[in-house]
Amino acid sequence: MVNTEKDLEQQFTSINTSIQRVNIPPPQPFFKTFKSSLKETFFPDDPFRQFKNQSSSKKFVLGLQYFLPILEWAPRYTFQFFKADLIAGITIASLAIPQGISYAKLANLPPILGLYSSFVPPLVYAMMGSSRDLAVGTVAVASLLTASMLGKEVNASKNPTLYLQLAFTATFFAGVFQAALGFLRLGFIVDFLSHATIVGFMAGAATVVCLQQLKGILGLQHFTHDTDLVSVMRSVFGQTHQWRWESAVLGCCFLFLLILTRHISIKRPKLFWISAMAPLTSVILGSLLVYLTHADMHGVQVIGELKKGLNPPSYSDLAFGSPHLMTAIKTGIITGVIALAEGIAVGRSFAMFKNYNIDGNKEMIAFGMMNIAGSCTSCYLTTGPFSRSAVNYNAGCKTAVSNILMATAVMITLLFLTPLFYYTPLVVLSSIIISAMLGLIDYGAAFHLWNLDKFDFVVCMSAYFGVVFGSVEIGLVLAVSVSMLRVLLFVTRPKTSVLGKIPNSMTYRSVDQYSVASRVPGVLILHVDAPIYFTNASYLRERISRWIDEEVDNLKSSGETTLQYVILDMGAVGNIDTSGISMLEEVKKHTDRHALKLVLANPGSEVMMKLHKSKLVEGIGPEWIYLKVGEAVEACNFMLHSYKSASGPTKTKSETQDNNV
């Protein structure tokens, strides 16, 4: 006996009632929803969890420990830890002293500032930082940025006082910016510097820094202030008559020594101390050589006199009223972001090796406070450099006390040993910088990006060539712009795919990814792989319409079962805005014109709530919204097999009533 249409509708209704329907979430007060969104945006780690159900005194102690982590781990500190930290502190001090002097010269600042910057900031970080392995100090990239950005406004050799004031002011604003990011929990801003961007930027900056050191290696008195490859090469080969062979030979010898010791330490990690001690050894040997041979009389430039004594206060030198204040602010923000990205990345890397976590927001606050304190005590920008932190890690440090012990060694140097650096040749400092920079040119990471993701490789190369052939700022802006372009492409052009059924299962996957996935006759299943916003609504409308039109044409040309149902899998659609709702309404109109039925599968709570408020649930029909793609396909197959003679999809009861009206 042939079933009547009424009987089939009753069967369809009974099947639907046996299936768990997609619930519409209960309405929530606006303030509660807003508070929840704010919490998830800025407090995903729930930092206040530890304060729950605690007394007022305990909350006060926990608050102090949050901002001063040293109060949390210091009571558990042991003599065994101290012995390990002492070895690490002395080891990194031997690296920090020559590197500090070298990087200060790179920033066109007095060499003594490099030692000052290795004294106060490490003490502040030891109290406020959450990393056990980070060794604080100056870095080459920030030094180069400081020199290039401030040097465009003020000549360091012609107006050293103003240049120094701007450097302190830039450091102050870098610290304020870093601390503000931490207090306001806006660390995601640093995330705009992707891994590919940092790899390319660091390699480009390292290349530029190495090229800049040709001035010291060749013993040149005058050199270009520009950092691009063309300007540097023009400056080098335009002064061939001023090249000093004595300086070049000395520089090449020490560079070979440093590279050799670095190679030994890489091949045999237990001999890390050889590479760590090599810079200070080079300084001592170079100074003795110059002193004994009077090489300073034959064209080999030396550091000269370094002032004895600890950091003098510099808060009165902060140039808030200077006409160049905006340059100092811009320099501070850019160098601050770069320093944060490097320091946090290094800290997280070593924390992963030792299986502990560091708090990114605490790190930002610690970096910010140490740079604010540094700007008031004759220091310029500091962070956690990779080379120094790697030595600290390999030396077996246990806590941040290694920074305190390093600062103590620097303090002793400032009080008693600075006269010993008088005869230190600048060419040795150039060799130290070049050897350190070679480690930042990560060829392996670039090849890995090429093999893994071509777009990331383009981002990396954009940063590299932008820095090398333009400037540090151009390279940074170019890389961030290309990265943002990629984000915009992902947002505005989300992936859509046709799903098919995996044999012997109720699983539906992309037919492009799984060759065994079979299409369901008469049903087109489309997967949208992104939230639907105004930026991609138009694209998705056109793309879905194209999928439908192509499927209809293909089925007509092949003479197979005509298309009657379109299922949208919305499992990956985390949210939808009003433009997205309008897009779905237009898609429904498009399916109606083709006499097709639109079916939704697996919409999330946010999506379902907005579909309900916009009355689109009633337009589509609640009975055509399913929890799973498999359930939606079963319902469509039931209707297809029940109405084989129909040329289009069976009209639901509501549709029949609409047509009768």
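Residues numbered from 1 in each chain as written. Predicted model: local features only at pLDDT ≥ 70, side-chain atom pairs only at ≥ 80, totals over all residues. Heavy atoms only, no water.

Worth spelling out the cut-off: UniProt positions are given in the numbering used here, feature names are shortened, and annotations may be inferred rather than shown by experiment.
In the annotation of an unreviewed UniProt entry, the protein is listed under the name STAS domain-containing protein and assigned to Papaver atlanticum. Per UniProt, the protein has the following entry under Subcellular location (unreviewed entry): "Membrane".

### A word on the overall build of the protein
Applicable threshold: The numbering of helices and of strands both runs from the N terminus, where a helix is a DSSP run of H or I of at least 4 residues and a strand a run of E of at least 2. Each radius of gyration is computed over the set of C-alpha atoms, and the globule rule expresses the reference value as 2.2 Å times the number of residues to the power 0.38. Three labels apply to residues, based on accessible area from a 1.4 Å probe with only protein chains included: buried if under 20% of the type maximum, exposed if over 50%, partly exposed otherwise in between. Working rule for contacts: check all heavy atoms of both residues, and any pair within 4.5 Å makes them a contact. Accessible surface is estimated by sampling points in the Shrake-Rupley manner with a 1.4 Å probe; for residues, cover comes only from the protein chains shown.
The secondary structure content of the protein amounts to 28 helices and 6 strands. Relative to the globule expectation of 26 Å for 661 residues, the C-alpha radius of gyration of the protein, 33 Å, shows a markedly less compact shape. Referenced to the eigenvectors of the C-alpha coordinate spread, the extents of the protein come out at roughly 115 × 65 × 55 Å. When burial is assessed residue by residue, the protein has 51% of its 661 residues classed as buried. Considering only residue pairs separated by 6 or more positions, the protein has 80% of its internal contacts joining residues 24 or more positions apart. Summing over all exposed atoms, the protein offers an accessible surface of approximately 31,700 Å²; the carbon and sulfur share of this is 62%.

### Describing the domain arrangement of the protein
How big an interface is tends to be stated in terms of the accessible area lost upon association of its parts. Put simply, the test is: Here the limits of each domain have been adopted from an automatic or database domain assignment.
Domain assignment breaks the protein into domain 1 (71-488) and domain 2 (493-660). Inter-centroid distance (C-alpha atoms) of domain 1 to domain 2 is 56 Å.

### So, the environment of Gly 604
Following the sequence through the fold, Gly 604 ends up in the loop between β5 (597-601) and α25 (605-613). Given a relative accessible area of 28%, Gly 604 falls into the partly exposed group. For Gly 604 and Thr 377, which are 227 residues apart along the polypeptide, the C-alpha to C-alpha distance reads 55 Å.

### A few points about the pairing of strand β3 (residues 523-528)
What counts here: For two strands to count as paired, DSSP must find a minimum of two bridges between them.
Most of β3 sits inside the fold, with 6 of its 6 residues counted as buried. Here β3 shows two buried faces, one formed by Val 523, Ile 525 and His 527 and the other by Leu 524, Leu 526 and Val 528. In the sheet, strand β1 (residues 496-501) pairs with β3 via 3 bridges, with the strands oriented antiparallel. Paired with Thr 496 across the bridge in β3 is Val 528. Examined bridge by bridge, β3 and strand β4 (residues 565-569) share 5 bridges and lie parallel to one another. Paired with Ile 525 across the two strands is Ile 567, which belongs to β4.

### Structural notes on the packing of helix α5 (residues 79-106) against helix α14 (residues 272-293)
Keep this limit in mind: Helix axes are fitted only over the stretch in contact, all axes being lines through C-alpha atoms; the angle between N-to-C directions runs from 0 to 180 degrees. Here the angle decides the label: under 35 degrees means roughly parallel, over 145 means roughly antiparallel, 65 to 115 means roughly perpendicular, and every other value means oblique. The sense of a crossing depends on the near helix, which, turned anticlockwise from the far helix by less than a right angle, makes the crossing left-handed and, turned clockwise, makes it right-handed. Three categories are distinguished: nonpolar for Ala, Val, Leu, Ile, Met, Phe, Trp, Tyr, Cys and Pro, charged for Asp, Glu, Lys and Arg, and polar for the others, with Gly belonging to the last.
Interaxial distance between α5 and α14 falls to 8 Å at its minimum, and their mutual angle equals 40°. It follows that α5 is oblique to α14 by the angle criterion. As α5 runs across α14, the sense of the crossing is left-handed. In contact with Thr 91, Ser 94, Leu 95 and Pro 98 of α5, α14 contributes Phe 272, Ala 276, Met 277, Pro 279, Leu 280 and Val 283. Of the residues assigned to the contact of α5 with α14, the class counts are 8 nonpolar, 2 polar and no charged.

### Description of the pattern of salt bridges
Two side chains carrying opposite charge are able to pair once their charged atoms lie near each other. Formally: Salt-bridge detection follows one rule: a side-chain nitrogen of Lys or Arg within 4 Å of a carboxyl oxygen of Asp or Glu.
With the rule as written, the count across this model stands at 9 salt bridges. Glu 72 is paired through a salt bridge with Arg 76; the nearest N and O atoms lie 2.9 Å apart. Note on Glu 72: relative accessible area 36%, which makes it partly exposed. The structure contains a network of salt bridges with shared partners spanning Asp 453, Asp 456 and Arg 486.

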